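So the chains spell out like this:
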Amino acid sequence: MMERLLTMFEQADPFSTWWPTIAALAVGIVITVRTIMSGQRCPNDNQIKEQIVVVTGGNSGIGFELAQALAGRGGRIILACRNLQAAERAATIIKRELGCRTPLTSLDDDDDPADRYFVEARYLDLCSFRSIHHFASRLMAEFERIDILVNNAGLVFANTEVPTENGFERHSQVNYLGPFLLTQLLLPHLKRSEQGRIIMVSAHAHAAAKIDFDDPLNVGTWAVKFHARDAFAHSKLCVLLATRWLAKELKGTSVTVNCCTPGLVRGTRHLRNSPLMSAICVKVVTFPWMWLFMKNAYEGAQCAIRLATDPQLKQVTGEYFNDCEIAPGSEASQDKELAKKLYMQTVKTLESVTKLTVDKEALGMETEPELRLEAPAAAEAETETNHGQGAGEERKEEQQPLE
């Protein structure tokens, strides 16, 4: 039997049929497309030793990969997540995996390699301005500075007719208003860093956003009629516009602020409410195409990794990055007047809802802006209770970006 098989292979003529050539060509095309769609890798391996990094939504997906990469480069990582248990598991996994890669010879005999890495989980619910203030207050009381803030957490395909506890459309608050407030609250500590970096996460979808110059924050009554895709696109355009204007406000300080898109990313929990995940048959049909044309979470994190670590970007601010390079963004995202109008309306709205006060003339000057959020003591106690256990099934769903 073996002799017959050997004889068949010896006598086989690969050029007698086109099928081997067609198969090789198909495989080559798939590999080429996959390589192109995976995007660029972070072009450096710079260390950020002892820098304090806050990553929102860091318990899974892009945030997890970003946190693990920055921890491996020496950063002290704070995972700011709504699902605290998942965040604690993520912190344990990151330290264990990084510890396994650390040579034992570099440590004392009694040391655990994982102890070299500082990764902690903290509770943060972007659906609640009170939670954001509580998180920022505790963080600033514990650390003398913050070096890097990555506003990674996000939401998509949520019910646009169910507002947050603060009365805003969910995509708008989780993707834009919440990160905006968190950034403003942490600015004094970011300015204490030798080179503070703020990284906002937007999306390709911002190019399809509908925005009204007279109501850029989209708080009009017609906003609730937005489809989830439109609401998501609008929130991500707001992120990009606010990034550009905040960079102007921070001119002359040691803090830079930039925006990036991870691209189209699979393997994260942001698709859990997507129509693509509505049925088993749809999942089966779309999976090969998602694998071919979408990045995985590790690939999606590369742009943010570069923004957090590359010394060449020390003076770069107010830019939009795609595939680790500066990109122009949509026409609306480059409208300076629209960016200013949105920024000012956002500040005014937060002042009225959260008692946030921003001294825009002093921003970046000698006097630090006054930032506060007044909340009843009972509400603070409720936040403390939710900090450890979450509040219902919705609170257990971690916010992840869709790009």
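Residues numbered from 1 in each chain as written. Predicted model: local features only at pLDDT ≥ 70, side-chain atom pairs only at ≥ 80, totals over all residues. Heavy atoms only, no water.

1. A few points about the side chain of threonine 164
Phase 1 of the analysis: Tracing the backbone through its elements, the reader meets threonine 164 in the loop between strand E4 (148–151) and helix H6 (170–191).
Phase 2 of the analysis: Reaching out from threonine 164, the side chain makes a polar contact with the side chain of glutamine 173 at a distance of 2.5 Å.
Phase 3 of the analysis: Not counting residues up to four positions away in its chain, the partners in contact with threonine 164 are Cys127, Arg170 and Gln173. (Helix = DSSP H or I, 4+ residues; strand = E, 2+ residues; numbered from the N terminus. Polar contact = N/O pair within 3.5 Å; in protein donor to acceptor, adjacent residues only side chain to side chain. Contact = heavy atoms within 4.5 Å.)

2. Some remarks on the sheet that holds E4
Phase 1 of the analysis: The strand order E3-E2-E1-E4-E5-E6-E7-E8 describes an open sheet built from eight strands, whose pairing is mixed. Pairing within the sheet leaves two strands with one partner each, and these edge strands are strand E3 (119–123) and strand E8 (325–327). Here the average twist between neighbouring strands, direction ignored, is 25°.
Phase 2 of the analysis: As judged from the five bridges shared by strand E5 (residues 197–201) and strand E6 (residues 256–261), these two strands associate in the parallel manner. Residue pairing for E6: valine 201 is matched across the bridge by cysteine 260.
Phase 3 of the analysis: In this fold helix H3 (residues 61–72) packs onto strand E1 (52–56), strand E2 (76–81), E3 and E4, with an angle of close to 165° to the strand it touches most, E2.
Phase 4 of the analysis: Lying over the sheet, helix H4 (residues 84–100) contacts E2 and E3, oriented at roughly 175° with respect to E3. (Pairing = 2+ DSSP bridges. Axes fitted to C-alpha atoms, helices over the stretch in contact; angles between N-to-C directions.)

3. Considerations on the confidence of the model for the protein chain
Phase 1 of the analysis: Across the protein chain, the average pLDDT comes to 81, with 73% of residues at 70 or higher.
Phase 2 of the analysis: Here residues 361–371 scores under 50 on pLDDT; set against residues more than four positions off or in separate chains, the count is 21 contacts.
Phase 3 of the analysis: Confidence drops under pLDDT 50 across residues 373–403; counting only partners more than four residues distant or on other chains, this segment forms 82 contacts. (pLDDT = per-residue confidence, 0-100.)

4. Observations regarding the packing of H6 against helix H7 (residues 228–249)
Phase 1 of the analysis: At a minimum axis separation of 7 Å, H6 and H7 run at an interaxial angle of 20°. Our classification of the angle between H6 and H7 gives roughly parallel. In the crossing of H6 with H7, the sense of the turn from one axis to the other is right-handed. Within the contact between the two elements, H6 uses His171, Ser172, Asn175, Tyr176, Phe180, Thr183 and Gln184 and H7 uses Ala228, Ala231, Phe232, Ser235, Lys236, Cys238, Val239, Ala242 and Leu246.
Phase 2 of the analysis: Grouping the constituent residues of the contact of H6 with H7 by class yields nine nonpolar, six polar and one charged. (Parallel < 35°, antiparallel > 145°, perpendicular 65-115°, else oblique. Left-handed = near helix turned anticlockwise from the far one by under 90°. Nonpolar A, V, L, I, M, F, W, Y, C, P; charged D, E, K, R; others polar.)

5. Some thoughts on the environment of arginine 101
Phase 1 of the analysis: Counting through the fold element by element, arginine 101 comes out in the loop between H4 and E3.
Phase 2 of the analysis: In sequence terms arginine 101 and glycine 72 are 29 residues apart; their C-alpha atoms lie 9.6 Å from each other.

6. Topic: the pairing of E1
For a regular strand, side chains alternate in direction, first toward one face of the sheet and then toward the other.
Phase 1 of the analysis: Counted residue by residue, E1 has five buried out of five residues, so it is predominantly covered.
Phase 2 of the analysis: Alternating positions in E1 separate into two faces, Ile52, Val54 and Thr56 on one and Val53 and Val55 on the other, with burial throughout.
Phase 3 of the analysis: The pairing of E1 with E2 spans five bridges and is parallel. In the sheet register, threonine 56 faces E2, and the bridge partner there is alanine 80.
Phase 4 of the analysis: Once the chain exits E1 it traverses H3 before rejoining the sheet at E2, and the crossover so formed is right-handed.
Phase 5 of the analysis: In the sheet, E1 pairs with E4 via three bridges, with the strands oriented parallel. For valine 53, the partnering residue across the bridge sits in E4 and is isoleucine 148. (Buried < 20%, exposed > 50% of the residue type's maximum accessible area, 1.4 Å probe, protein only. Right-handed = clockwise from strand over helix to strand, strands pointing away.)

7. Notes on the packing of aromatic side chains
Phase 1 of the analysis: Evaluation of the coordinates by the stated rule reveals four aromatic pairs.
Phase 2 of the analysis: With 6.4 Å between their ring centres and 85° between their planes, phenylalanine 118 and phenylalanine 143 make a pair best called edge-to-face. Of this pair, phenylalanine 118 sits in the loop between H4 and E3 while phenylalanine 143 is found in the loop between helix H5 (129–142) and E4, placing the two residues 25 residues apart along the sequence.
Phase 3 of the analysis: What makes phenylalanine 143 buried here is its relative accessible area of 7%.
Phase 4 of the analysis: Here the aromatic cluster, defined as three or more aromatic residues joined through ring pairs, consists of Tyr176, Phe180 and Tyr343. (Phe/Tyr/Trp six-rings, centres within 6.5 Å; stacked < 30°, edge-to-face > 60°.)

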